[in-house]
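Below are the chains, spelled out letter by letter.
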Amino acid sequence: MKKYWQLLLIAGIIVVTFTVHYIQVVNAKDKEYDFTFEKISGDDKYIDSLMFETSVEYGIGYNLLLISKDESTLIESIHNRTVPIMFQRLIDEHKSFMRGKAFIENNYFEDETKLIYMNEPEEGWKIKEGDTYSYEVDILDKVKDEKTSFTIESQLKNRYNWVFYNDITVADNELKLIVKQMDNDGSEKMYQVIIDLKKQQLLSETLLEEATTDDTTRRSIDSYNSYSNLDHEKYHVYSINSFDLKSPEQDIFSRQFSALNTETNEITDIQLPEGLDQNMQSIEVDDNYLVIAYSTKEEIVIYRYNIGQQRWLEPITVPYSEKVLIPEFNSTASLNGKFYVMTEVNNDFVLKIFDIEQGTLLYEGKLINNNVKQKYYIHITDVYELEK
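Quick summary incoming for the structure in this document. (Residues numbered from 1 in each chain as written. Predicted model: local features only at pLDDT ≥ 70, side-chain atom pairs only at ≥ 80, totals over all residues. Heavy atoms only, no water.)

1. Re empty space enclosed by the protein
Taken as a whole and judged by the stated rule, the model has one cavity of 30 Å³ or more. Lining the largest cavity are 15 residues, with Asn106, Asn166, Asp167, Ser226 and Tyr227 sitting closest to its centre. Per element, the largest residue contribution to the lining of the largest cavity is three residues, and it comes from strand 9 (residues 162–171). Taken together, the residues that form the lining of the largest cavity break down as five nonpolar, seven polar and three charged. (1 Å grid on protein atoms, 1.4 Å probe; cavity = no way out; pocket = protein on both sides within 12 Å on 5 of 7 lines; lining within 4 Å. Points joined across faces, edges and corners; volume = space filled by probe spheres on them. Helix = DSSP H or I, 4+ residues; strand = E, 2+ residues; numbered from the N terminus. Nonpolar A, V, L, I, M, F, W, Y, C, P; charged D, E, K, R; others polar.)

So this is what it looks like as structure tokens:
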């Protein structure tokens, strides 16, 4: 009996020790991730309502961190993350509709009255020449809280290995998809698919672009609209890229940008200013603007293209106040007419917020880790505007 109580005592000590240690580790971890912004210039109002979703490398691990102006919140290790932040709201508000759906931003559209989800075709590698697939549409009427589902068979009978959606939008009661097909030989095709939501009928499947690969050149199709924007977008911007397979680095030697007007279905080419194609570090699309930016050791250079007017505005040039060792952006993002740039300056991270249309610097602030113990690296993955 004495030995039994000794074992219980030892077990109890182990449990208490582990619990205390665990609490200390958690508290220490929370304190390590204590980030705030310290204003350098501009107006704090441009950051007051923002929340930045970031990936932080600190020591040997990566973690997801939400950072606002005055505080930071450690969510969890990104390796254990199950629900992306942007989908948590949809699940909270529309739990029944969201049940069983994939967390893929490109497959959703949302406005004030409806939420639409497109289920991508599975096992594309089984599709052979002459076979086809179907468009599966789920619609939630947010006003009536009613769900409608229907399936439409595609008329495309191409050989492909993989099919996915690049963009979904709605204009005049027409569901418009940007659909990309890829084959295992490296070839790509991009279509615009239009579905009448009221009649639940397929109206058209139009080939927009095709990229093929041969012995000397590999071609690809890249899209630049933000995945996290689920609302209607008037323009879809993409490029056809050509890579030299004979060069050791397979460098891009040609890149043609184009903009599809999703309301009129018209495509216009975008001609880059001379020399810009060799300096692009960031490419963002926000509403009516294409924003292309790059950094040197001395300054940040931002080009803005008004898609509707089909013209380039004067470039924005902002000198660095401190020396930059690596002339590259840490991360960039765009949201509601603002362009966000994070750069690493002397082991600190500095955020700049620009007004895209006006071309002005609205805010500049240094990200401060109030309990820094060692070098860290941080990357902005998304930007959210909080409800006031």
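2. So, the sheet that holds strand 13 (residues 217–223)
The strands making up a sheet associate through hydrogen bonds between their backbones, and the pairing can be parallel or antiparallel. Spatial strand order, 13-14-15-16: four strands in an open sheet with antiparallel pairing. The open sheet has two free edges, formed respectively by strand 13 and strand 16 (267–270), since each of these has just one partner strand. Across the sheet, the axes of successive neighbouring strands diverge by a mean angle of 25 degrees, strand direction being ignored. One ladder, built from nine bridges, connects strand 14 (residues 235–244) with strand 15 (residues 252–261); its direction is antiparallel. Pairing of asparagine 241 across the sheet is with arginine 255, part of strand 15. (Pairing = 2+ DSSP bridges. Axes fitted to C-alpha atoms, helices over the stretch in contact; angles between N-to-C directions.)

3. Some remarks on the side chain of lysine 366
For lysine 366, the location among the structural elements is in strand 25 (residues 360–369). Judged by relative accessible area, which is 19%, lysine 366 ranks as buried. (Buried < 20%, exposed > 50% of the residue type's maximum accessible area, 1.4 Å probe, protein only.)

4. Let's talk about the layout of surface pockets
A volume near 180 Å³ is recorded for the second largest pocket. Looking at the second largest pocket, the residues that line it are Val324, Leu325, Ile326, Glu328, Phe329, Asn330, Glu344, Val345, Asn346, Asn347 and Tyr377. For the lining of the second largest pocket, the secondary structure elements donating two or more residues are strand 22 (329–335) and strand 23 (338–345).

5. As for the nonpolar core
One finds Phe37, Phe52, Tyr340, Leu351, Leu367 and Val383 to be the most contacted residues of the largest nonpolar core, which totals 24 residues. When contributions to this core are tallied by element, the ones reaching two or more residues are strand 1 (35–42), strand 2 (50–58), strand 3 (61–67), strand 22, strand 23, strand 24 (348–355), strand 25 and strand 26 (376–385). When near neighbours in sequence (up to four residues on either side) are disregarded, leucine 367 contacts Phe35, Thr36, Phe37, Ile67, Met342, Phe349, Tyr376 and Ile378. Counting residues in hydrophobic clusters, the runner-up holds 22 residues, among them Tyr133, Ile168, Leu175 and Tyr191. (Core = buried A, V, L, I, M, F, W, Y, C linked by side-chain atoms within 4.5 Å. Contact = heavy atoms within 4.5 Å.)

6. Observations concerning the environment of leucine 50
Within the secondary structure, leucine 50 sits in strand 2. Assessed through its relative accessible area of 1%, leucine 50 is described here as buried. When the C-alpha atoms of leucine 50 and lysine 69 are compared, they prove to be 7.4 Å apart, with 19 residues separating the residues in sequence. Every residue in contact with leucine 50, bar those within four places of it in the chain, is listed here: Ile67, Ser68, Tyr340, Ile353, Val383, Tyr384, Glu385 and Leu386.

7. What about the sheet that holds strand 24?
Ordered by their spatial adjacency, five strands build an open sheet running 1-25-24-23-22, and the pairing between neighbours is antiparallel. Where the open sheet ends on each side, the last strands, each with one partner, are strand 1 and strand 22. With direction set aside, neighbouring strand axes in the sheet form an average angle of 20 degrees. Bridging between strand 23 and strand 24 involves eight bridges; their strand directions are antiparallel. Across the sheet, the residue bridging to tyrosine 340 is isoleucine 353, located in strand 24.

8. Considering the packing of aromatic side chains
Two aromatic rings are characterised by how far apart their centres lie and by the angle between their planes. Counted by the stated rule, this structure contains 13 aromatic pairs. A ring pair is formed by phenylalanine 87 and phenylalanine 103, whose centres lie 5.3 Å apart and whose planes are at 35 degrees; its orientation type is tilted. Here phenylalanine 103 lies in the loop between helix 4 (95–98) and strand 5 (108–110) and phenylalanine 87 lies in helix 3 (residues 85–93), a separation of 16 residues in the sequence. Assessed through its relative accessible area of 0%, phenylalanine 87 is described here as buried. The interplanar angle of 40 degrees and the centroid separation of 5.4 Å between the aromatic rings of phenylalanine 349 and tyrosine 376 together place this pair among those described as tilted. Taken together, the residues span a long stretch of sequence, with phenylalanine 349 in strand 24 and tyrosine 376 in strand 26 at a distance of 27 residues. For the pair shown, phenylalanine 349 and tyrosine 376 are each scored as buried. Linked through ring pairs, Phe35, Phe349, Tyr376 and Tyr377 together constitute an aromatic cluster. The cationic tip of lysine 101 hangs over the ring face of phenylalanine 97; the distance from NZ or CZ to the ring centre is 4.3 Å. It is arginine 218 that lies over the ring of phenylalanine 243; its NZ or CZ is 4.1 Å from the centre. (Phe/Tyr/Trp six-rings, centres within 6.5 Å; stacked < 30°, edge-to-face > 60°. Lys NZ or Arg CZ within 6 Å of the ring centre and 35° of its normal.)

9. Considering the pattern of salt bridges
Per the counting criterion, the structure on display carries 13 salt bridges. Its salt-bridge partner being lysine 101, residue aspartate 138 comes within 3.3 Å of it at the nearest N-O pair. Residue aspartate 138 is located in strand 7 (residues 134–141), and its partner lysine 101 is located in the loop between helix 4 and strand 5; the two are separated by 37 residues in the primary sequence. As far as the burial class goes, aspartate 138 and lysine 101 line up, both buried. A salt bridge links aspartate 111 to lysine 114, with the nearest nitrogen and oxygen atoms 2.8 Å apart. (Salt bridge = Lys/Arg side-chain N within 4 Å of Asp/Glu carboxyl O.)

10. Quick look at the environment of aspartate 244
Turning to its location among the elements, aspartate 244 is positioned in strand 14. Each C-alpha atom of the pair aspartate 244 and threonine 216 lies 6.2 Å from the other, and the pair is 28 residues apart in sequence. Not counting chain neighbours up to four residues away, the residues in contact with aspartate 244 comprise Thr216, Gln250, Asp251 and Phe253.

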